[in-house]
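Architecture at a glance
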Amino acid sequence: MDDAGRSDQGGLHTSHRGITALLAWYGSNKRDLPWRLTRDPYAIWVSEAMLQQTQVATVLPYYLRWMARFPTVCSLAGADEQEALALWQGLGYYRRCRMLLSGARYVALHGLPGSALEWERVPGVGRYTACAISSIALGERVPVVDGNVERVFARLTGCFDLKPVLNKKAWEWAASLVPADRPGDFNQALMELGATVCRPLNPDCSLCQVSSYCKAYEVGRVAELPVRSPSPQTVPLSYHVWIPVCDGLYGVRQIPEGEWWENMWEFPRAVLESDLKEIVGEGEVLACGGLRHSVTHHRITLTVSRIQCVVKSSDLKWVTEEELLQLPMPSPQRKALALVRKAAGSLFAGI
Ligand code: ADE
């Protein structure tokens, strides 16, 4: 080990100074975020659920709207799933919203958990979220590892392992480092460092307060870490979407359970246009163009049309424009509606 405290474990491991430097950096550089002004476990829980797979800038307005509408766990527990999904609309990964709602109902019944282990018993709360809530809100000395921490760990320690091994080692490493005082700040400092300085591309090592403890920096291999697993092949999916209009109403249907976006609402969608005809019935079809949307490694192409229906199919729910705006809809469906508006001018022009 050298003066800076470097070792194969990453010098931070053995250096109190490194941890102090990281905490000091966090203290003066952390982003000003609303969930950092509170130690309410519910508020932290909401923020962590929203932040999974999603950037801070995207989450901010959703978080503020959510907390204004559901300020307490009990207010959420009593909520209607459709209303919660409508508030979540556009954030994606709607399972997080459903699980937050089931979790809130569980907590309203059983009381707020007092430790990470208890938090893990709440439906939908995994180890990461349990440890984040418990360290930040309750001050419990537990580590947190997300993608950012994994990357910081890989670089600091010079770990060239692939994902599952890297993740396991990162949890062990983080557990050995997390201090008894300010565990929540320490965990957030690691995540913040990963999000803002030790970025996946173009990390800014000149700003890093712990670069002198970093194995990858020492050997000039920061850009190579973490080692990326080969990404899964992109799966193309193509659908036709018909936006049915009749008597100033739109025809929509609820997405069945087990499908992506279950229980949300969509305009009829099918691989074959002939299947749409069966659902929607006769009418004049106006082709409005196509759009693309990616979900995980699926690349979805939608071919969008408006259909001016002769009669209102009973397989659909017919809603006014105002009602449509209240329904939770996946974002590609909202985009489809925008496309029809653009192509057709006013949707009801010429009816
Ligand atoms: N990403 C997810 N939760 C975070 C937090 N509390 N601080 C920084 N980055 C995060």
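Here's the deal with the pattern of salt bridges
Summed over all chains, the structure comprises 14 salt bridges. R253 is paired through a salt bridge with E266; the nearest N and O atoms lie 3.2 Å apart. Of the two residues, R253 is situated in strand β2 (residues 249-254) and E266 in strand β3 (residues 265-266); the sequence distance between them amounts to 13 residues. For E266, a relative accessible area of 1% gives the class buried. With a closest N to O distance of 3.3 Å, R269 and E259 form a salt bridge. With R269 in strand β4 (residues 269-270) and E259 in the loop between β2 and β3, this pair connects stretches of sequence that are 10 residues apart. The class for R269 is buried, based on a relative accessible area of 15%. Residues participating in the shared-partner salt-bridge network are R253, E259, E266 and R269.

Notes on the packing of helix α1 (residues 16-29) against helix α11 (residues 183-196)
Where α1 contacts α11, the axes come no closer than 9 Å and their chain directions differ by 75 degrees. Regarding the angle of α1 to α11, the classification is roughly perpendicular. Across the interface between the two elements, I19, L22, L23, W25, Y26 and N29 of α1 pack against D185, F186, Q188, A189, L190, E192, L193 and T196 of α11. Class assignment for the residues of the contact of α1 with α11 results in nine nonpolar, three polar and two charged.

A closer look at the side chain of E150
Of note, E150 is situated in helix α9 (residues 147-157). Overall, E150 belongs to the buried group, its relative accessible area being 6%. Among the polar contacts listed, one links the side chain of E150 to the side chain of K163, at a separation of 3.0 Å.

Focus on the domain arrangement of the chain
Partitioning the chain into structural domains gives domain 1 (11-224) and domain 2 (235-348). Measuring from the centre of the C-alpha atoms in domain 1 to the corresponding centre in domain 2 gives 37 Å. Each side of the interface is counted separately: domain 1 has eight residues, and domain 2 has 14 residues. Of the roughly 800 Å² buried between domain 1 and domain 2 on both sides combined, carbon and sulfur atoms contribute 48%. The interface formed by domain 1 and domain 2 includes zero salt bridges. Considering every element that reaches the side of domain 1 that touches domain 2, the biggest residue donor is helix α5 (residues 81-88), with four residues. Looking at the side of domain 1 that touches domain 2 residue by residue, the classes come out as four nonpolar, two polar and two charged.

Here we look at the site of the ligand
The full set of residues close to the ligand is R36, E48, L51, Y128, I136, Q188, M191 and E192. Residue E48 places a side-chain N or O atom 2.9 Å away from a nitrogen atom belonging to the ligand. Here the ligand, which alone exposes 260 Å², has 92% of that area covered by the protein. Looking at which element gives the most residues to the shell around the ligand, the answer is α11, with three residues. Residue composition of the shell around the ligand, grouped by class: four nonpolar, one polar and three charged.

Definitions and cut-offs
- Residue numbers restart at each chain and count upward from 1, following the sequence in its written direction.
- Totals for whole chains, interfaces and linings use every residue, but because this is a predicted model, local features are given only for residues with pLDDT of at least 70 and side-chain atom pairs only at 80 or more, for both listing and counting.
- Remark: hydrogens and water are excluded; side-chain values derive from all non-hydrogen atoms of the structure.
- Only one rule defines a salt bridge in this text: a Lys or Arg side-chain nitrogen within 4 Å of an Asp or Glu carboxyl oxygen.
- Helix numbering and strand numbering both begin at the N terminus, where a helix is a DSSP run of H or I of at least 4 residues and a strand a DSSP run of E of at least 2.
- With a 1.4 Å probe rolled over the protein chains alone, any residue whose accessible area is under 20% of its type maximum counts as buried; one over 50% counts as exposed, and the rest are partly exposed.
- Axis lines are fitted to C-alpha atoms, over the contacting stretch for helices. Their N-to-C directions set the angle, which ranges from 0 to 180 degrees.
- Each angle gets one of four labels, with under 35 degrees taken as roughly parallel, over 145 as roughly antiparallel, 65 to 115 as roughly perpendicular, and the rest as oblique.
- Throughout, a contact is declared for two residues whenever any of their heavy atoms are within 4.5 Å.
- Three categories are distinguished: nonpolar for Ala, Val, Leu, Ile, Met, Phe, Trp, Tyr, Cys and Pro, charged for Asp, Glu, Lys and Arg, and polar for the others, with Gly belonging to the last.
- Counting of polar contacts relies on pairs of N or O atoms within 3.5 Å, with two restrictions inside protein: one atom must be capable of donating a hydrogen and the other of accepting it, and residues adjacent in sequence are counted only when both atoms are side-chain atoms.
- Domain start and stop positions are those given by an automatic or database domain assignment.
- Once two parts are put together, the accessible area they lose, assessed with a 1.4 Å probe and summed over both, is termed the buried area.
- To be near a molecule or strand, a residue needs just one of its heavy atoms within 4 Å of it.
- Accessible surface is estimated by sampling points in the Shrake-Rupley manner with a 1.4 Å probe; for residues, cover comes only from the protein chains shown.

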